[in-house]
Every structure is written in structure tokens, then in C-alpha cells.
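In case you want the letters, here they are:
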Amino acid sequence: MKGVILAAGEGTRLRPRTEKLPKPLVEVGGEPLLTRCLETLRELGLDELVVVVGYKRDRITGRYGESFRGLDLSYARQPDRDGLAHAVLAARTHVESDFVVLNRDNIYAGNLGAAVDRHRRTDADSTILVEAVPPETATRGAVCELDGSGNLTGVVEKPEEPPSTRVRVAFYVLPPEILPACRVVRPSSRGEYELPDAIDLLIGAGYGVETVPFEGWKLHVNTERDIERAERKLSQADGTTGC
């Protein structure tokens, strides 16, 4: 199984850092974001890693080359950043079977391997991580609709009465059939081609999406404040005294 890291964005909210440096190379706690993502996927026992690059891609390919700590590393180009479904589609020539998708904006410490293990064990069509949120939070975003076995049957946006308190975590094990769905998905209200919308198309076509409860913590890094939060969290996890 391959891992695909979506790393083509510009990181405009991290300027001036990203005026000359691509966001995947911005360091958090002494390691570039992309290094942390590559290491996260390497620990899952994947066969090969693919990085979708765009903004200042030569800086990334020049730094990492064709391998990462014993794993083959290849690149796919996304010239225009039009959403995560568009980014996944850019990697279409690199994936022939089920694959893992990770966004380079995220730092994880949790049971990502549980989703990969379940996917392999059950021969699922797709497997995603979900996490529990407070009921008041569930009314403000996209909430998972689950059947009695915990499989994802749909997503409800900002429900007055949430069907669950589970939301999707941005870590996916997907089949190659996601690629045609990424190709036909329509732009969202943000004008982007969204990966969750493509997954919803798979559900509508009869594909099963199994879920695994997320255990651990994750942080989305978009701003300088996010970097500070992430470094504090990482230092606590390492048992050190803060950054």
C-alpha cells in the first residue's frame, strides 16, 4: 500500500516564512512539516510514498530526492491548487490499488495504524478515522451519519439535531475508485474540489466506508499561532519543558 501526502499549497498565512520557502519545509519543533508527515506514514509500514507538490516544488524534490529512510519516494505535480480532491487526482498515475492520504498541514500523534490495520483485515472499500466532539460542536460543522456497525452512510452539515457526535479526521485509506469520483465532483462553496465530497460520491455509488475511532491528538498548522501550539504539544509529548 502506498501513502500520498498532499503538499502543494503555498501557505499564505505563514508569510513571510513562505515567501521563499514552501510550507512543507516550514519547521515545527525542529523538523519540517513534510518530514513529520513522511515519518508518520513510514511508521505505518507502507510500501512507497508519493508527495503531491506545487509551490516551490524544486525545493522539496531537491531536499528529499528519491527515498526517505529506506522507502521509495516519488512526486506528482499539482500546478493549480484547487482543493484536496484535485490534489489526489494529481497522483493518479502513481496509485494502482488502495492507498493512504495525509495532508501535510497536520501533525498527528495517535492510532493512524489502526485504520490501516482494519482496512487490511476487513478488506474494506474505504476506511477513515472519526473522532468524538461535544454536542454543541456537532451542530456547527459536518457530522457523520453512521449505521449500526459504525460504517459511514453520509455527512450532515450543521444539523440542528446531529445524528451523531462523530466527525471525520483528515486521514483516509481509499480505493483507486476514488479517482473517478475526484474527477466528477463539483466545486464546493469555497470554489474547491473537496475530497470528502468525492468520498460521499463513493458512498452514493454503493461503496462501504468503515470508521475507526481516533485516539490521540492532532493539530492543523496554518498560522504562526498554530506553530506555537504544536511546539508546546510536541514538547509535552517528549517530556521536555516547552518551546
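Cut-offs used in this document
- Here the residue numbering is sequential within each chain, running from 1 through the sequence in written order.
- Since the coordinates come from a predicted model, pLDDT governs what is reported: local features require at least 70, and pairs of side-chain atoms require 80 or more to be given and counted, while whole-chain, interface and lining totals use all residues.
- Just so you know, side-chain values use all the structure's heavy atoms and leave hydrogens and water out.
- Salt bridge, as used here: a side-chain nitrogen of Lys or Arg that lies within 4 Å of a carboxyl oxygen of Asp or Glu.
- Helix numbering and strand numbering both begin at the N terminus, where a helix is a DSSP run of H or I of at least 4 residues and a strand a DSSP run of E of at least 2.
- Only protein chains enter the calculation, and the probe is 1.4 Å; a residue is then buried if its accessible area is under 20% of its type maximum, exposed if over 50%, and partly exposed in between.
- Arc definition: it is the arc formed by the directions from the helix axis to the C-beta atoms.
- Two strands pair if DSSP finds at least two bridges between them.
- Here the nonpolar core consists of buried residues drawn from Ala, Val, Leu, Ile, Met, Phe, Trp, Tyr and Cys, with membership extended through side-chain atoms lying within 4.5 Å.
- Side-chain atoms alone can form a polar contact between residues adjacent in sequence; in general such a contact is a pair of N or O atoms within 3.5 Å, and within protein one must be able to donate a hydrogen while the other accepts it.
- Residue contacts follow a heavy-atom distance rule, with two residues in contact if any of their heavy atoms lie within 4.5 Å.

S.K.: Looking at this model, I keep getting lost on the pattern of salt bridges. Mind explaining?
M.R.: As a working rule, side chains carrying opposite charge can pair if their charged atoms are close by. As enumerated under the stated definition, the model contains 14 salt bridges in all. Two residues, R42 and E39, come together in a salt bridge whose shortest N-O distance is 2.6 Å. Placement of both R42 and E39 in helix α1 (residues 33–42) is noted, with a separation of three residues, approximately one turn of the helix. What makes E39 buried here is its relative accessible area of 15%.

S.K.: What exactly am I supposed to notice about helix α7 (residues 195–204) here?
M.R.: Three or more residues of α7 are buried, namely L195, A198, I199, L202 and I203. Angularly, the buried residues of α7 cover 155° about the axis, an arc narrow enough to put them on a single face. One or two steps after α7, the chain reaches G206, where phi turns positive at roughly 100°.

S.K.: In this structure, what is going on with the pairing of strand β1 (residues 2–7)? I would like to understand it.
M.R.: On any regular strand, side chains alternate: one points to one face of the sheet, the next to the other face. Of all six residues that make up β1, six are buried, and the element is covered over most of its length. Residues K2, V4 and L6 point to one face of β1 and G3, I5 and A7 to the other, with burial holding for every one of them. Pairing between β1 and strand β4 (residues 48–53): six bridges, direction parallel. Bridging from a neighbouring strand, I5 pairs with V51 of β4. Two elements, β1 and strand β7 (residues 99–103), share five bridges in a ladder whose sense is parallel. Residue pairing for β7: L6 is matched across the bridge by N103.

S.K.: Any chance you could explain the nonpolar core here in plain terms?
M.R.: The tendency in soluble globular proteins is for nonpolar side chains to be buried as a group. Counting 32 residues, the largest nonpolar core has V52, V88, I178 and L195 as the members making the most contacts within it. Among the elements of the structure, β1, β4, α3 (84–90), β7, β9 (126–132), β12 (166–174), α6 (178–184) and α7 are those that each provide at least two residues to this core. Ranked by size, the runner-up nonpolar core spans 30 residues in total, among them L46, L102, L129 and F214.

S.K.: Can you help me understand the side chain of T127 in this one?
M.R.: Tracing the chain through its elements places T127 in strand β9. For T127, a relative accessible area of 0% translates into the label buried. Separated by 2.9 Å, the side chains of T127 and H119 make a polar contact. Discounting residues that sit within four places of it in the chain, T127 has contacts with A115, H119, Y172, V173, E210 and V212.

S.K.: How do you make sense of unusual backbone geometry when you look at a structure like this?
M.R.: Put simply, R15 and P16 share a cis peptide bond, and its omega is 15°. Within the secondary structure, P16 is located in the loop between β1 and β2 (27–28). For K56, which is not glycine, the phi torsion reads 50° and is therefore positive. In this fold, K56 is placed in the loop between β4 and α2 (57–64). Using a relative accessible area of 32% as the deciding quantity, one classes K56 as partly exposed. With phi around 50°, R69 is a residue other than glycine that occupies positive phi space.

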